Amino acid sequence: MKGQGAHIAVEKVSHRYRRTALQVLDDIAFEVQPGQCVALVGRSGCGKSTLLHILCGLMSASTGNVYIDGARVSGPSSDWVMMFQAPSLLPWMSVRGNVGLGLRFAGRREGLQARVDEMLDLVDLTAFADRNVQDLSGGQQQRVAFARSLAPEPDLLLLDEPFSALDTFTRHALQRDVRRIVKERGLTLVFVTHDINEAVMMADRALIMAPDPGRIVADIPIDLDGERASGTPAFAAAREALLGAYESASGLANPDDPVVAPTLLPMPTTRASVAQPKVQRISA
Ligand SMILES: Nc1ncnc2c1ncn2[C@@H]1O[C@H](COP(=O)(O)OP(=O)(O)OP(=O)(O)O)[C@@H](O)[C@H]1O
Ligand SMILES: [Mg+2]
């Protein structure tokens, strides 16, 4: 299935790293529908990267399974792409060369240049096509990495804080562009962030994780129509709801405050059960 969003089912995933034997993920279960954008939100060390690595097959969970489009994940695949905080470009190659790398590795030489040109246009880097990547800014390098990820037409993108090293303005522009492109192409997106604004900017839904051991404690829909802009009242309301749920789930909220109650898991794990819980405001 090329160029369509992937369906993800995570079933009872728990994980211990062998070296420390500490349990870092406990009984994680959730489902992501094709074309949905999901943020994994939580404090440092709560297991977000571990979970993302397990989702894309770079690591095996100690117990439990991940299914992508119904097939159990047992290793990496060209149907999904993971992007990290550092763009990991090959410094001796041009922008064009880097964008075409994924296609070359997949042995897809036919139409390669046309596809690379299309990707460069998509991320607005056509004018930089023949530059060496070392001569680009950090934000431009992340665009190159994003274009390289999209070139092989994955069904699923997994992003591990890919914009956290960038300045606010560049990050904001990339968040908007990535959401627009992912939505235009109908891809499924799962991304990790510490940043509540980033979650509201890009996600249809946020899964909130708590640490020790890492687990999902709330599943919050972010229902905002059209392109998202941080100055709007709707954005501010969504941000407040997410922050309230995060603080409540993390035990940070003042118990005397009116709080936004997260819907506690367990979450449905069958494909048929797609309805998402709503956040409810509890009166003081
Ligand atoms: N290779 C490893 N061996 C042993 N323990 C590890 C390993 N990698 C991570 N951990 C531990 O697992 C826990 C979860 O780590 P992980 O990197 O998934 O957290 P994270 O939520 O992505 O954190 P951050 O936001 O800081 O990136 C942490 O306690 C970490 O110390
Ligand atoms: Mg991490």
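Residue numbers here run from 1 along each chain, matching the order of that chain's written sequence. Each chain is given a letter, starting from A, and each ligand a number, starting from 1, according to the order in which they appear as written. Given that this is a predicted model, residues contribute local features only at a pLDDT of at least 70 and side-chain atom pairs are listed and counted only at 80 or more, while totals for whole chains, interfaces and linings are drawn from all residues. Heavy atoms from the whole structure form the basis of all side-chain values; hydrogens and water molecules are not counted.

Q: Which parts of the structure should I look at to understand the sheet that holds strand 10 (residues 215-221)?
A: Sheets are built from strands paired through backbone hydrogen bonds, the pairs being either parallel or antiparallel. Here, a strand pair is defined by DSSP locating no fewer than two bridges between the strands. The helix count covers DSSP runs of H or I at least four residues long, the strand count covers runs of E at least two residues long, and both are numbered beginning at the N terminus. The six strands are arranged 6-7-8-3-9-10 in an open sheet whose pairing can be described as mixed. The sheet terminates laterally at strand 6 (80-83) and strand 10, the two strands that pair on one side only. Averaged over all pairs of adjacent strands, the angle between their axes in this sheet comes to 15 degrees, without regard to strand direction. Sitting on the sheet, helix 5 (residues 138-150) is in contact with strand 6 and strand 7 (156-160), with an inclination near 165 degrees to strand 6. Working rule for contacts: check all heavy atoms of both residues, and any pair within 4.5 Å makes them a contact. Note on geometry: axes are C-alpha line fits, over the in-contact stretch for helices, and angles between N-to-C directions span 0 to 180 degrees. Helix 6 (residues 168-185) rests against strand 3 (37-41), strand 7 and strand 8 (188-193) of the sheet, and its axis sits at about 140 degrees to strand 3.

Q: Please explain the layout of surface pockets as it appears in this structure.
A: A water-sized probe rolled over the atoms picks out the places where empty space is left. By volume, the largest pocket is sized at about 550 Å³. Lining the largest pocket are 21 residues; nearest its centre among them are Trp 80, Val 81, Met 82, Gly 102 and Arg 148. Of all the elements in the fold, those that place two or more residues in the lining of the largest pocket are strand 6, helix 3 (101-105) and helix 5. With four residues, strand 6 is the single largest residue contributor to the lining of the largest pocket. Here the lining of the largest pocket is composed, by residue class, of 15 nonpolar, five polar and one charged. Residues from two domains meet in the lining of the largest pocket; each of domain 1 (8-79 + 155-281) and domain 2 (89-153) gives at least three. Every definition here rests on a 1 Å grid over the protein atoms only: cavities are sets of points where a 1.4 Å probe fits but cannot get out, pockets are open sets enclosed by protein on both sides within 12 Å along at least five of seven lines, and lining residues have some atom within 4 Å of a point. Grid points are joined across faces, edges and corners, and a volume is the space filled by probe spheres set on the points. Note on residue classes: Ala, Val, Leu, Ile, Met, Phe, Trp, Tyr, Cys and Pro are nonpolar, Asp, Glu, Lys and Arg are charged, and everything else, Gly too, is polar. Delimitation of the domains relies on an automatic or database domain assignment.

Q: I tried to follow the site of ligand 1 on my own but got confused; where do I start?
A: For each residue, the test is whether any non-hydrogen atom lies within 4 Å of the molecule or strand; if one does, the residue is near. Around ligand 1, the structure places 13 residues, and the nearest of them are Ser 44, Gly 45, Lys 48, Ser 49 and Thr 50. Polar contacts, as counted here, are pairs of nitrogen or oxygen atoms within 3.5 Å of one another; within protein the pair requires one atom able to donate a hydrogen and one able to accept it, and residues that are adjacent in sequence qualify only if both atoms are side-chain atoms. Taking Ser 49, its side chain carries an N or O atom lying 2.8 Å from an oxygen atom of ligand 1. The contact in question runs from an oxygen atom of ligand 1 to an N or O atom on the side chain of Thr 50, over 2.5 Å. It is helix 1 (residues 48-55) that provides the largest number of residues to the shell around ligand 1, a total of three residues. In terms of residue class, the shell around ligand 1 is built from three nonpolar, seven polar and three charged.

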